[in-house]
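Spelled out, the chains give:
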Amino acid sequence: MSFYMKVPEKFRWFRDAKYGVFIHWGAYSLFERGEQVLFREHMDQREYEEKARAWNPAKFDADEWADVFVRSGFKYACLTTRHHDGYCLWDTKTTDYNSVCQAPGRDFVAEYTQAIRKRGLKVGLYYSWCDWRKPEYYEGPEGNPQGWECVKTYIRRQINELMTQYGKIDYLFFDGTWPRYADEIGTVEIVEEIRKLQPGIIINNRLGYRGNQEEIDKFGGLSDEGDFGTPEQNVFPQDKLWESCQTATWRWWGYTKNERYKSSAEILKLLCECVSKGGNMILNVGPKPDGTLPDEFVSRSLRIGKWLDTYGEAVYGAEDGDLTEFATCGYQTIKGSTMYLIFNIWNGCSTLRLPDMASEAVSAQFMGSGKELPIEQKGNVLWIRELPKEPQEELFPVIKLEFKEKPRTTVWGAQRQWQGDPQRFADWARGQEK
Ligand code: FHN
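This one's a predicted model, so the numbers in the text were calculated from it and none came from an experiment.

Definitions and cut-offs
Residues numbered from 1 in each chain as written. Predicted model: local features only at pLDDT ≥ 70, side-chain atom pairs only at ≥ 80, totals over all residues. Heavy atoms only, no water. Helix = DSSP H or I, 4+ residues; strand = E, 2+ residues; numbered from the N terminus. Buried < 20%, exposed > 50% of the residue type's maximum accessible area, 1.4 Å probe, protein only. Contact = heavy atoms within 4.5 Å. Areas by Shrake-Rupley, 256 points an atom, 1.4 Å probe, with all protein chains shown as cover. Lys, Arg positive; Asp, Glu negative; His and termini not counted. Charge placed at Lys NZ, Arg CZ, Asp CG, Glu CD. Near = heavy atom within 4 Å. Polar contact = N/O pair within 3.5 Å; in protein donor to acceptor, adjacent residues only side chain to side chain. Nonpolar A, V, L, I, M, F, W, Y, C, P; charged D, E, K, R; others polar. Salt bridge = Lys/Arg side-chain N within 4 Å of Asp/Glu carboxyl O. 1 Å grid on protein atoms, 1.4 Å probe; cavity = no way out; pocket = protein on both sides within 12 Å on 5 of 7 lines; lining within 4 Å. Points joined across faces, edges and corners; volume = space filled by probe spheres on them. Domains from an automatic or database assignment. Pairing = 2+ DSSP bridges. Axes fitted to C-alpha atoms, helices over the stretch in contact; angles between N-to-C directions.

Side note on the overall build of the protein chain
Okay, so step 1: Assigned secondary structure in the protein chain consists of 15 helices and 16 strands.
Okay, so step 2: Overall size of the protein chain, expressed as C-alpha extent along the three principal axes, is 70 × 50 × 35 Å.
Okay, so step 3: Within the protein chain, buried positions represent 56% of all 434 residues.
Okay, so step 4: For the protein chain, the share of sequence-separated contacts (at least 6 apart) that also reach a separation of at least 24 residues comes to 70%.
Okay, so step 5: Carbon and sulfur atoms make up 50% of the accessible area of the protein chain, which totals about 18900 Å².
Okay, so step 6: Between the averaged position of the 57 positive side-chain charges in the protein chain and that of its 65 negative side-chain charges there is a distance of 3 Å.

Considering unusual backbone geometry
Okay, so step 1: Following W178, the chain continues into P179 via a peptide bond in cis, with omega recorded as 5°.
Okay, so step 2: When you line up the elements, P179 lands in the loop between β4 (171-175) and α9 (182-185).
Okay, so step 3: With a phi angle near 60°, E386 is a residue other than glycine that sits in the positive phi range.
Okay, so step 4: As for its position among the elements, E386 is in the loop between β15 (381-384) and β16 (398-403).

Some remarks on the site of the ligand
Okay, so step 1: Taken together, H24, E35, Q36, H83, H84, Y126, F173, D175, R206, E232, C245 and W253 form the complete shell of residues around the ligand.
Okay, so step 2: The contact in question runs from an oxygen atom of the ligand to an N or O atom on the side chain of E35, over 2.6 Å.
Okay, so step 3: Between the ligand and R206, the relevant distance is 3.4 Å, taken from an oxygen atom to a side-chain nitrogen or oxygen of the residue.
Okay, so step 4: Across the complex, the protein chains shield 82% of the 330 Å² of accessible surface that the ligand would expose by itself.
Okay, so step 5: For the shell around the ligand, the per-class residue count stands at four nonpolar, four polar and four charged.

Let's talk about the pattern of salt bridges
Okay, so step 1: The full count for this structure, using the stated rule, is 29 salt bridges.
Okay, so step 2: Here R195 and D227 are joined by a salt bridge, their closest N and O atoms 2.9 Å apart. Taken together, the positions of R195 in helix α10 (residues 187-197) and D227 in the loop between α11 (213-219) and β6 (243-247) put the pair 32 residues apart, joining distant regions of the chain.
Okay, so step 3: Because the salt bridges share partners, they merge into one network encompassing E49, R53, D96 and R133.

Concerning empty space enclosed by the protein
Okay, so step 1: According to the stated counting rule, one finds one cavity of 30 Å³ or more in the structure shown.
Okay, so step 2: Quantified by volume, the largest cavity comes out at close to 80 Å³.
Okay, so step 3: Together, 13 residues line the largest cavity, and T249, W252, W253, Y261 and G286 are the ones closest to its centre.

Structural notes on the domain arrangement of the protein chain
Okay, so step 1: Annotation of the protein chain at the domain level lists domain 1 (7-314) and domain 2 (321-415).
Okay, so step 2: The gap between the C-alpha centroids of domain 1 and domain 2 is 37 Å.
Okay, so step 3: Domain 1 puts 15 residues into the contact, and the matching count from domain 2 is 17 residues.
Okay, so step 4: If you look at where domain 1 meets domain 2, you find three salt bridges.
Okay, so step 5: Residue R303 pairs with E394 through a salt bridge whose shortest N-O separation is 3.1 Å.
Okay, so step 6: Linking domain 1 with domain 2 are 10 residue pairs in polar contact (both at pLDDT 80 or more).
Okay, so step 7: For the side of domain 1 that touches domain 2, the elements supplying multiple residues, two or more each, are α12 (264-276) and α13 (295-311).
Okay, so step 8: Looking at which element gives the most residues to the side of domain 1 that touches domain 2, the answer is α12, with eight residues.
Okay, so step 9: Grouping the constituent residues of the side of domain 1 that touches domain 2 by class yields seven nonpolar, three polar and five charged.

Side note on the side chain of K18
Okay, so step 1: Along the polypeptide, K18 turns up in the loop between α2 (12-17) and β1 (19-23).
Okay, so step 2: Buried K18, no salt bridge; nearest opposite-charge side chain is D16, N-O distance 5.6 Å.
Okay, so step 3: Engagement of the side chain of K18 in a polar contact is seen with the backbone oxygen of A318, the distance being 3.3 Å.

A few points about the sheet that holds strand β14 (residues 375-378)
The strands that make up a sheet are held in pairs by hydrogen bonds between backbone atoms, and each pair lies either parallel or antiparallel.
Okay, so step 1: With antiparallel pairing, the three strands of this open sheet are ordered in space as β11-β15-β14. The open sheet has two edge strands with one neighbour each: β11 (352-354) and β14. Strand-to-strand twist across the sheet, computed as the mean angle between neighbouring axes with direction ignored, equals 15°.
Okay, so step 2: Judged from the three bridges that link them, β11 and β15 form a sheet pairing that is antiparallel. Considered in β15, the bridge of L352 is made with I384.

Side note on the sheet that holds strand β9 (residues 330-335)
Okay, so step 1: With antiparallel pairing, six strands are arranged side by side in an open sheet as β8-β9-β10-β16-β12-β13. The strands lining the two open edges of the sheet, one partner per strand, are β8 (319-320) and β13 (372-373).
Okay, so step 2: As paired strands, strand β12 (residues 361-366) and β13 are joined by two bridges and run antiparallel to one another. By the bridge assignment for β13, Q365 is matched with E372.

A few points about the environment of G229
Okay, so step 1: Here G229 is to be found in the loop between α11 and β6.
Okay, so step 2: Classification of G229 by relative accessible area gives buried; the value is 0%.
Okay, so step 3: Counting along the chain gives 188 residues from G229 to Q417, while the straight-line C-alpha distance between them is 27 Å.
Okay, so step 4: Beyond its immediate sequence surroundings of up to four residues, G229 is in contact with N205, Q238, K240, L241, W242 and E243.

Right, dumping it as C-alpha cells:
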C-alpha cells in the first residue's frame, strides 16, 4: 500500500489540498531586494533596524490577500511570522521589535489568520529558528552557555505565543536551524508541546535532526522527517507526505523590485508535476512594502485559479499517476478508477498511443467540453483517437480516462528505461518483447 493510504486521518486535508501559498513578508520588503538583504549586503544592523521600526505598510489588507488566494485555488496559506532578520509580525512579549510596538501598531498575524480562516483556507505559519539579532544562537551551548539558554527561552516563548494567541493553526513551517541541532534546541520537546497545544497541526521536517543512531536511540526513531518533506525549488518525490516550496519569481522569496516571474504555464507545470508524483506545491509570493500583492503574482495565480476551476478535479485529492510514457506530453494523476492526462505539450497528432496500460479502459473525454473520444485497446496498449489538431485549452488540456478498476501499469510502466532486468530491454531491442 502506498504511503497515500497510510496518511493519518488528521493530515489527509494536507494530502488532498495539493496547492498552498507561501507568503514571505516583513520589514525586509522595505528594501525591495529580497528577504535576506540584511545579511546578503552585510548591512549595519542599527541602520536596518531604524528603517524596520519605521516600516508601516498602510495598504496591507488581509481580506484582499485572502480573496486573491481563494480565487487562485490555494487551499492553505503560510505567512512568515519572523524571518531570520528578527522582525516579528505579531504581538510578542519577547521583544519590542514587532509590528504592534513599532510604526504599524498592528498585529499582522492576527489579521492574516482571521482573514484566511474566514474564507475556509487552512492556516499556516512560518517560523525561523535562527535570528540574526541573536548572536548567542550562533555561539550555541558550547560558545555561550548562558546566552544560549536565553535564546532557547526566547524561541520557546515565541512559539508558545504563536500556538496559543491565534486560534487553530493547521500548518507549521520551521526553517533555518543551521548551525544548531535538535538536541541543542530541544526540538523534540518543543514539537511535543506544540502538538498538545494544536493537536491536528502538521509540522514540516526542518527540525535540526542529525539523523544519526544516537538520536534514533534517544528519540525512539524520531527523525528529522517531521510530518512532511520540503524539497525547495525542486520536485523530489518521497515515500511520505512532501511539499515542494517554489518561488513564483526566478530567485527571491521576499519582494524584489524588477524580479522576473515564472510564467503561469511554468508554475502550473510544476504543480501538475508535484501532484503526478504524489506531492504538494506551495507557491511563494513576496508582498510589496506597502502590503499589496505584486500584480505579476496576482495575474499568474488568478490565471491558474481559472484553470483549476475547470480542471481542478485532476489535481485536488488526486494520487500520483505516473503510470505510462505519457511523460512525453505531460502529467498523469489518478482518482479511483479515473486517470487524468494533463497535456503540457499538444503535438497535434490525431491519435495518442498509451503503452503499459494493464487495466481495461472504458471511456475517454475532454474535460471542460465533455467531448467523448473514441478509444481502442489491444492488450496493454490503449489508443485515443480523433484528437483535434489544435488544443482545446490555452494552458493545459485534460483528457479524463475511465477504467474498469483503479488503473494499473505493466513492468515497463513501473520500471521504464533505467530500472529492472536488462534482459527485458535486450528482448525488446531484438523485437522479442514478452
Ligand atoms: O533562508 C531561507 C530563505 O530565505 C527562505 O525563507 C526559504 C524558504 O523555504 N528557506 C530558507 C532557505 O532554505
